[in-house]
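Chain residues, written in single-letter form:
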Amino acid sequence: MTSETAQENPCLPGGLIALDQWKTPETSVQKTLRSGLRDILQQLRAGMTPEDQAFESLDDLPALSHAKLGRYAPQPEAGELAGAINECLASLRQGCTHNRQVSFVVAPPFSGIQGALRASGLRVISPPDNLLMAEKDIPGWWDEQLAGDDWVVPELADFWLRHRSGMGLLKEFFARVAMEGAGKGMVGCSSWCWQFWVQYLPELHVAPLTVAPLTDDRLTRWLAFLASGKAGGPLTARMTNDGLYVLPAPEEGCERKYSDFARDLATMARGNRGVAHAVWQRTLRARAEEDTENGDKEEKKDIPANGPSCWVAPLEQLSLPAVPQSNGRQPGHILHALLLHNGLTSEQLQLVTGLPGQEISLSLARFQRADLVTQGDTVGAFRVTPLGYPAVRKYLQSRGYPVDGF
Amino acid sequence: MGDLDIKGALSSITSEALLEAAILVVIASLLIIVVQKLVPAVAGKLSGKPRLYLLASVPLLRLLIIILTITMVVPVLVEPSFENMVAIFGALGLALGFAFKDYANSLIAGIVTLYEMPYRPGDWIEVNGQYGEVRSIGTRAAEIVTLDDTVIVIPHGLLWNTLLANSNDGTDNLMCVAEVYLDPNHDVACMQLLFRDTIYACPLTKTHQPVIVAVSAGDTGMKYRLKAYPLEPRDQTRFISDLTARAAEICAAEGVRMISRPLMLH
């Protein structure tokens with residue numbers, strides 16, 4: 001839908017595209033086969049080897065200090081992403097390719113859409129405290145929320161529970177959107193939640209948009225852009241094993257030899273910004289003789305004249321979190337529910353999965369030890385981590401759970 | 001028999017040849033046992049399609065080993081000339097035809113099973129009122145394990161003249177039906193919607209497959225059939241139980257009385 005030009009916003013490479021245009025970054029047949037075989041071997045090995053599922057780096061090079069990591073691979077700015085989304089939407093409206101009153105942006109978890117929409121400056125509609133609201137109260141609640149100026153729902157997955165009494169809010173909302181009776185607004189929606197609702201309401205057609213997948217060149221440009229803000233110059237990143245370049249982004253006429261790292265990372269993350277960023281942070285290494293965790297004080301003065309630089313560990317030298325083996329259905333139910341709802345508290349998990357509280361606590365503790373799930377500070381909701389997400393998605397898919405299309 | 005010259009064909013068999021053939025048969029048997037034990041054990045650790053493909057490969061591997069063994073053993077025992085082959089297989093055909101008719105019938109049906117694949121390991125089938133998962137396909141018979149963990153041996157020969165129902169036909173999609181009977185005189189459309197919601201709310205439901213709530217009126221009241229697919233065929237008992245419990249919960253909440261179906265004597 002948007003053509004990739006030099007003028008595109010660097011914090012949203014590829015811009016917004018129609019949902020049905022999204023496809024996973026391409027990879028070679030050899031790598032697909034290798035990955036499939038590795039998955040099968042992992043399933044077979046599970047239960048035979050001791051539980052070592054948490055994130056682990058298999059090389060012995062020093063990791064970057066926190067301060068340097070914050071400069072070389074900082075978290076994307078929500079405000080900038082909000083601006084880029086608005087620009088894309090305006091351009092799509094101008095080109096008459098998107099003319100809906102309510103714009104849906106469906107994206108896989110960790111894409112940053114929720115934060116961006118929250119920072120968009122529009123009136124934010126927050127979910128009610130009681131998601132099991134009585135049917136008769138729902139129309140009145142939406143009347144109140146949708147009245148007035150333009151609004152934004154940062155994450156639609158926060159407005160429902162997979163329970164027979166917890167789906168009323170979204171049923172009413174979708175009915176209003178379909179009838180163009182919801183005013184003008186923007187909706188962010190997790191791809192997992194979306195997948196469920198398009199199956200529940202097969203006649204739902206709201207022309208959703210999504211962020212373009214990060215292919216290798218987009219990913220390189222994006223990582224270079226993130227580093228450019230705080231690193232104090234264009235970041236140079238080279239592979240620790242063969243010295244090939246990852247950053248800066250290739251330019252026409254440049255004679256540097258580039259590694260396949262970006263392509264492998266894009267494939268591993270399935271084009272997901274948040275996952276790619278989390279893995280990227282874990283691959284960055286300092287030089288052996290350089291400062292490490294203790295050397296933060298020296299950092300201000302050690303930006304070299306030809307720009308900052310660091311090393312990148314190959315993906316094969318990272319051991320990402322794996323889902324602990326279990327014969328029961330409990331782990332799958334819990335992980336699937338967490339993704340469907342973009343995070344849940346322990347009490348909500350009991351309601352949604354129908355599992356007893358003790359079983360849920362045991363599983364959650366196991367997932368936390370394996371770096372698959374983390375608990376938020378504010379409401380105590382449990383969420384899947386970006387590093388654990390690829391393993392969780394594969395696990396759910398292999399056990400027959402409906403997974404998102406991303 | 002004189003024309004077939006079976007005596008002549010077998011005259012060249014020596015004790016060394018017999019020993020060699022016996023060793024080959026023992027090795028093949030051991031190989032078959034290993035395949036039959038190891039592959040299902042590995043498949044048991046997997047789920048989804050890889051599990052089904054691995055299970056389905058067991059009878060094919062066994063057939064391959066048997067054919068290879070025959071092609072290796074026969075030349076060891078007799079000189080592989082045209083006359084000798086006709087003599088040996090002719091005699092074998094007669095023996096099978098008269099003495100082991102039913103056994104041969106099942107053996108041939110077993111080979112047809114591998115070709116036509118009316119059932120594969122991992123399929124849920126019903127034969128003569130017995131329902132279960134095909135655990136293994138032997139040379140003569142298939143073994144199914146019922147939902148009550150009873151092993152039933154089904155000779156392949158039954159294939160020729162028995163109706164066979166296959167619930168998932170080589171896939172991991174198996175429709176389950178939970179039936180509930182309700183007292184008439186209630187809002188049917190409302191109950192259908194509520195039942196549909198409850199199917200979608202069940203964590204075992206494969207939501208990308210059709211979900212249907214069928215209703216019909218009968219002598220015993222309104223019969224609702226909640227049809228949906230569980231995540232995996234193995235989940236069927238738990239899935240039907242869960243749907244039934246959820247339906248009962250809805251009926252209680254809505255004040256619609258569930259009724260028992262009268263016992264039917266066949």
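Parameters and conventions
- Residues numbered from 1 in each chain as written.
- Chains lettered and ligands numbered in written order.
- Predicted model: local features only at pLDDT ≥ 70, side-chain atom pairs only at ≥ 80, totals over all residues.
- Helix = DSSP H or I, 4+ residues; strand = E, 2+ residues; numbered from the N terminus.
- Contact = placed C-beta atoms within 7 Å.
- Rg over C-alpha atoms; globule rule 2.2 N^0.38 Å.
- Buried ≥ 20, exposed ≤ 12 C-beta atoms within 10 Å, placed from the backbone.
- Domains from an automatic or database assignment.
- Nonpolar A, V, L, I, M, F, W, Y, C, P; charged D, E, K, R; others polar.
- Pairing = 2+ DSSP bridges.
- Expected span 1.5 Å × (residues − 1).
- pLDDT = per-residue confidence, 0-100.
- Axes fitted to C-alpha atoms, helices over the stretch in contact; angles between N-to-C directions.
- Parallel < 35°, antiparallel > 145°, perpendicular 65-115°, else oblique.
- Left-handed = near helix turned anticlockwise from the far one by under 90°.
- Arc of directions from axis to C-beta.

## Overview of the overall build of chain A
If you tally the helices and strands in chain A, you get 14 helices and 14 strands. Contacts spanning at least 24 positions in sequence make up 78% of the contacts within chain A whose residues lie at least 6 apart.

## A look at the overall build of chain B
In terms of helices and strands, chain B carries seven helices and eight strands. Over its C-alpha atoms chain B spans a radius of gyration of 26 Å, topping by over 25% the 18 Å that the globule rule assigns to 266 residues. In terms of overall dimensions, chain B has a C-alpha envelope of 85 × 40 × 25 Å along the principal axes. Residues counted as buried form 27% of the 266 residues belonging to chain B.

## Let's talk about the environment of Trp280 of chain A
Residue and element names in this part refer to chain A. Among the secondary structure elements, Trp280 is positioned in helix α10 (residues 273-283). Judged by C-beta crowding, with 22 C-beta atoms within 10 Å, Trp280 ranks as buried. For the pair Trp280 and Leu223, spaced 57 residues apart in the sequence, the C-alpha separation amounts to 8.7 Å. Discounting residues that sit within four places of it in the chain, Trp280 has contacts with Ala73, Leu223 and Leu265.

## Topic: the domain arrangement of chain A
Residue and element names in this part refer to chain A. Partitioning chain A into structural domains gives domain 1 (57-75 + 214-319), domain 2 (99-206) and domain 3 (323-384). Facing four residues of domain 1, the contacting portion of domain 2 comprises five residues. Grouping the amino acids of the side of domain 1 that touches domain 2 by side-chain chemistry returns one nonpolar, two polar and one charged.

## So, unusual backbone geometry
Note the cis peptide between Leu247 of chain A and Pro248 of chain A, where omega equals 0°. Note on placement: Pro248 of chain A falls in the loop between β9 (245-247) and α9 (261-268). Although it is not a glycine, Asp149 of chain B adopts a positive phi angle of roughly 65°. The residue Asp149 of chain B is located in the loop between β3 (141-146) and β4 (151-155) in this model. By C-beta crowding, Asp149 of chain B is classed as exposed, having 7 other C-beta atoms within 10 Å.

## Quick word on the domain arrangement of chain B
What the domain assignment reports for chain B is domain 1 (6-99), domain 2 (124-166) and domain 3 (176-254). Taken over C-alpha atoms, the centre of domain 1 of chain B sits 24 Å from the centre of domain 2 of chain B.

## Brief notes about the sheet that holds strand β10 (residues 284-285) of chain A
Residues and elements named next belong to chain A. Read across the sheet, four strands follow the order β9-β8-β11-β10 without closing on themselves; strand pairing throughout is mixed. Across the chains shown, the open sheet's two edge strands, defined by having one partner strand only, are β9 and β10. Inspection of the sheet shows strand β8 (residues 236-239) paired to β9 by two bridges, in the antiparallel sense. Bridge pairing in β9 links Arg238 to Tyr245.

## Quick word on the pairing of strand β6 (residues 176-182) of chain B
All names here are of chain B. Here β6 shows one buried face, formed by Cys176, Ala178, Val180 and Leu182, and one open face, formed by Val177, Glu179 and Tyr181. Inspection of the sheet shows β6 paired to strand β8 (residues 221-228) by seven bridges, in the antiparallel sense. Bridging across to β8, Leu182 finds its partner in Met222.

## Regarding the environment of Ser319 of chain A
Relative to the helices and strands, Ser319 of chain A resides in strand β12 (residues 318-319). Using a count of 13 C-beta atoms within 10 Å as the deciding quantity, one classes Ser319 of chain A as partly exposed.

## Here we look at helix α7 (residues 236-254) of chain B
Residues and elements named next belong to chain B. Spanning 19 residues, α7 covers 27 Å between terminal C-alpha atoms, matching the ideal 27 Å at 1.5 Å per step. Considered for burial, the residues of α7 that qualify are Gln236, Phe239, Asp242, Leu243, Arg246, Ala247 and Cys251. At its buried positions, α7 is contacted by β6, α6 (188-201) and β8. Looking one or two places after α7, you find Gly255, whose phi comes out positive at around 75°.

## What about the confidence of the model for chain B?
Chain-level pLDDT for chain B is 85 on average; 91% of the residues reach the 70-or-more range. Both confidence scores are given for the complex: pTM 0.82, ipTM 0.86.

## Some words on the pairing of strand β7 (residues 212-218) of chain B
All names here are of chain B. Pairing between β7 and β8: seven bridges, direction antiparallel. From the neighbouring strand, Val215 faces β8, where its bridge partner is Tyr224. Remark: two residues form the turn of the hairpin made by β7 and β8, two consecutive strands paired antiparallel.

## Observations concerning the interface of chain B and chain A
Listed per partner, the contact involves 19 residues of chain B and 20 residues of chain A. The dominant element in the side of chain B that touches chain A, judged by the number of residues it contributes, is α6 of chain B, at five residues. A class-by-class count of the residues in the side of chain B that touches chain A yields nine nonpolar, five polar and five charged.

## Thoughts on the packing of α9 of chain A against α10 of chain A
All names here are of chain A. The contact between α9 and α10 brings their axes to 9 Å, and the two run at 130°. On the basis of the axis angle, α9 is oblique to α10. In this structure, the crossing between α9 and α10 has a hand that is right-handed. Residues Leu265, Ala266 and Met268 of α9 pack against Ala276, Val279 and Trp280 of α10.

## Brief notes about the confidence of the model for chain A
Of all residues in chain A, 89% attain a pLDDT of 70 or more, and the chain-wide mean is 86. Across residues 291-303 of chain A, where pLDDT falls below 50, the model places 16 contacts with residues more than four positions away in sequence or in other chains.

## Thoughts on the sheet that holds β8 of chain B
Residues and elements named next belong to chain B. Across the sheet, which stays open at both edges, the three strands sit in the order β6-β8-β7 with antiparallel pairing between neighbours. Bordering the open sheet on either side are β6 and β7, each of which pairs with just one other strand. For this sheet the average axis-to-axis angle between neighbouring strands, irrespective of direction, equals 20°. Against the sheet, α7 touches β6 and β8, its axis set at about 25° to β6.

## Concerning the environment of Asp242 of chain A
All names here are of chain A. By the secondary structure assignment, Asp242 is in the loop between β8 and β9. Take Asp242: there are 9 C-beta atoms within 10 Å of it, and that puts it in the exposed class. Residues Asp242 and Gly185, spaced 57 residues apart in sequence, show a C-alpha to C-alpha distance of 50 Å.

## As for the packing of helix α11 (residues 330-340) of chain A against helix α14 (residues 389-398) of chain A
All names here are of chain A. In contact at an axis separation of 10 Å, α11 and α14 are set at 120° when each is read in the N-to-C sense. By the angle between their axes, α11 is oblique relative to α14. The chirality of how α11 crosses α14 is left-handed. Seen from α11, the contacting residues are Gly332, Leu335 and His336; seen from α14, they are Val392, Tyr395 and Leu396.

## Describing helix α12 (residues 346-353) of chain A
All names here are of chain A. Every buried residue of α12 is accounted for by Gln348, Leu349, Val352 and Thr353. For α12, the angular spread of the buried residues around the axis is 115°, confining them to a single face. Its buried side turned inward, α12 meets α11 and α13 (357-369). Positioned one or two residues after α12, Gly354 has a phi angle of 75°, which is positive.

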